[in-house]
Amino acid sequence: MHEVKSKEIDPKVLDYRIALVGNPNVGKSVLFGLFTGKYVTVSNYPGTTVEVTRGMYSGSNDTIEVVDTPGSNSLISHSEDERVARDILLRDEEKRVIQIIDSKNIHRGLLITTQLAEMGLPVSIGLNMWDETLDRGMSIDSDKLQKILGVTLTKTIATQKYGIGALRNSINSVKIPKISIDYGRVIEEGIKEIETLLPENTTVRKRALAVMLLSYDEDLEETLEIDEQTLGQIHSIRDGVQKEYGHPLSYVIAKKRSDYVGKLLKGIVSYREHEEKAGAVLRNSFFLFFMPLFTFFVGYKVIDLLMFMFAGHMDTSGQVAWILRLAGGCVSVGIYSYYLFSREYGSGRKVTNILGTLTMHPVLAWPMLLVVLWCIYKIVGQFGAGDCVDFVESKIFGSSIEKSGGFDFKAFIPFTNIEYVFTHVNFQGINYYIGLFCQKFMSTDNFFFELFMGEEAGLIQVGVTYSIAIILPIVGFFFISFGLMEDSGYLPRLAVMLNRFFKIIGLNGKAVLPMVLGLGCDTMATMTTRILDTKKERVISTLLLALAVPCSAQLGVIAGILGSVSGTHLAIYFFVIFSQMLLVGYLSSKIIKGSSSDFLMEMPPFRRPKIGNILMKTYYRTKWFLREAVPLFVLGTFILFIITKLGILTYIQRAAEPVVKHFLGLPVETTQGFILGFLRRDYAVVSIFKALEKDAGSLEIDPNQLIVSLVVVTLFVPCLANFFVMIKERGSKTAFLMLAFILPFSFLVGGIVRYALQLLSI
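Residues numbered from 1 in each chain as written. Predicted model: local features only at pLDDT ≥ 70, side-chain atom pairs only at ≥ 80, totals over all residues. Heavy atoms only, no water.

- As named in an unreviewed UniProt entry, the chain is Fe2+ transport system protein B, taken from Candidatus Scalindua japonica.

Structure, rendered in structure tokens:
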């Protein structure tokens, strides 16, 4: 998600490294960007799928490297992220640590400080999110805490660049925190015994390693490469200490550490009795104008969506329909207003805090979620995947053989049908001009012309054009929408709301991130399954993304086609896809070996998103995605070109005809659409629709055939780029096993849907 610097860093010319350490979501990445500017490298930590971001400290003439370690709640590894963060600190090199603490959660941050002190690492601490701490009515006596710890504390607000200069200066005055925890006689004796067994040349203090080994940090045993005999002695000591306690040693040690920090913060952290109250004008505007307006829209839109789905032959543009929509809006205003005025109006709480509570309400949060999803669909599915993609694909890139016809610069006058054309741009498309240039040297049926500029599988005409002209607008708008949810604090609330559902399919609320991202692009979402804690969760989420989460381009086309047929058929489609996701997820959670993780997520305050942050994140994320995905699209196109030239595509089409015709009840011409889905899912939908339209002739398309074909192509094999990412993330064996399951499963479900529709006479 960052800009890449291609040159290799020579460790011999480095003065030292700065390791950014901290809990998840404390603003490390923002500070990393401020420390390094644009020169950044991103790589997986050796032997893991965890990304470690590196960059040169700006102003250091490339002699100081900054490493952004994965967010961790402890340096005793319980997950891959924590192991990677711990191992970076254990490396034999000169390093200085800048620990970033979310100041409103200072207790949790200082737990890591105690571990850094035990390791003997020089530290400087940034107390980030200072503004939110004050908003919560917290007060931290930082001078007193700095004196106790013996290290520099700097108050920062990373998003506003507040305190960054002071934090940079503190790098020259890093010190080992003055912290010493007494774990009790039995554990202290165990620590001393293990210290005598450890090698002399450890990169951090032996005490820290001994505490980790007593805490059952088995990954550390592998990292330290301890021989079997010594390892047996350490286990024996640990078992002996464990016998003295009723709880696991890891819990006892963590409890001692937490108690120490709790005592440390006495007299340092205090709270005001009441949180800061909002201004009367803002509150009254919120209660009397904005919320009634918004909640009326929520009720109106929910009824509108329900009528679209289930109204059947009812005239949704008639008077009755309008009355129902208005009634829905009024009821919604009544319910929300009752809740807000009875619970919040007299509380004096800030508007953002009220919204934060409302978006997690067990009932009232759901209609709001529906409206949020509808807005995302409008922005990404219709505007991004529809208007923008059509323009960029047909007008900017265009065809290598035919002129695009240019385009107009024009403006629309709102609420009228009037448009004003400023000028016509006679630009015929990038591919057209490249094709025109190539035709000076070769004909359009030349092998190399087809390889690069061919309409079916040319590397430039199809591979590059698809990945940039089509994917770029979609992921761009999706990242903006995603950034709004993330920056406002809505995304963690969504994770909490959906945690119970995800538990059914072997995941937890954390999986909401890749699943929501999958609605933008499954290829990108598969990469983000790395954030899940266990291998089992990553495998299940990868399978469900490939099987049942349509990307926004595909979803937009499907919604447009089925919506034009009837809302009922669109509702059936969503029911089938959702039920299969639930079924496969549930069975996978029972069959796939491994454990699931607990759901722990810090709940940030609900806040007004900062446009600058969202645009910056969108820029880096889009750039990262294109860097990862474009080569895969080009490779996939090349494979498709080879398959087409060898005639394998035709053979596959003929082999699949019996299943498509007799089991699914579809015209054989739709087979080509399914095959096309392996390259691009929305094109596959369009291809199938065209085949059904042609088969129907002058009659209307059979809606049941349409549902069957769209269910199959949604559940069908992932697109080629997504499949390559599956291989990269989960390994070739797992990826091919998933493919072997998905292919027949999609046809099986399609056949069942066909016969069910016939049986129910729908």
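That covers the picture; the talk isn't over yet.
1. Quick notes on the packing of helix 15 (residues 365-397) against helix 18 (residues 459-488)
- Helix 18 packs onto helix 15 with a crossing angle of 155° between their chain directions and a minimal axis gap of 9 Å. Regarding the angle of helix 15 to helix 18, the classification is roughly antiparallel. Considering only the axes of helix 15 and helix 18, their crossing is right-handed. Contacts between helix 15 and helix 18 involve Val 372, Ile 376, Ile 379, Val 380, Phe 383, Gly 384, Ala 385, Cys 388, Val 389, Val 392, Glu 393 and Phe 397 from the former and Thr 465, Tyr 466, Ile 468, Ala 469, Ile 470, Pro 473, Ile 474, Phe 477, Phe 478, Ser 481 and Met 485 from the latter.
- When the residues that make up the contact of helix 15 with helix 18 are grouped by side-chain class, the tally is 19 nonpolar, three polar and one charged. (Axes fitted to C-alpha atoms, helices over the stretch in contact; angles between N-to-C directions. Helix = DSSP H or I, 4+ residues; strand = E, 2+ residues; numbered from the N terminus. Parallel < 35°, antiparallel > 145°, perpendicular 65-115°, else oblique. Left-handed = near helix turned anticlockwise from the far one by under 90°. Contact = heavy atoms within 4.5 Å. Nonpolar A, V, L, I, M, F, W, Y, C, P; charged D, E, K, R; others polar.)

2. Here we look at helix 5 (residues 142-149)
- Where helix 5 is concerned, the buried positions are Ser 142, Leu 145 and Leu 149. Down the axis of helix 5, the smallest arc covering the buried residues is 60°, so these residues share one side. Residues of helix 5 that are exposed and point more than 90 degrees away from the buried face comprise Asp 143 and Lys 147.
- Packing partners of the buried residues in helix 5 comprise helix 3 (106-119), strand 6 (123-128), strand 7 (138-140), strand 8 (153-155) and helix 11 (249-264). (Buried < 20%, exposed > 50% of the residue type's maximum accessible area, 1.4 Å probe, protein only. Arc of directions from axis to C-beta.)

3. Brief notes about the pattern of salt bridges
- Throughout the structure, instances matching the rule amount to 14 salt bridges.
- The partner of Asp 87 in a salt bridge is Arg 86, with the nearest N and O atoms 2.8 Å apart.
- Owing to a relative accessible area of 7%, Asp 87 belongs among the buried residues under this scheme.
- In this structure, the salt-bridge partner of Glu 188 is Arg 207, at a minimum N-O distance of 2.9 Å. Remark: Arg 207 occurs in helix 8 (residues 206-214) and Glu 188 occurs in helix 7 (residues 185-197); sequence separation between them is 19 residues.
- On the accessibility criterion, Arg 207 (22% relative accessible area) is partly exposed. (Salt bridge = Lys/Arg side-chain N within 4 Å of Asp/Glu carboxyl O.)

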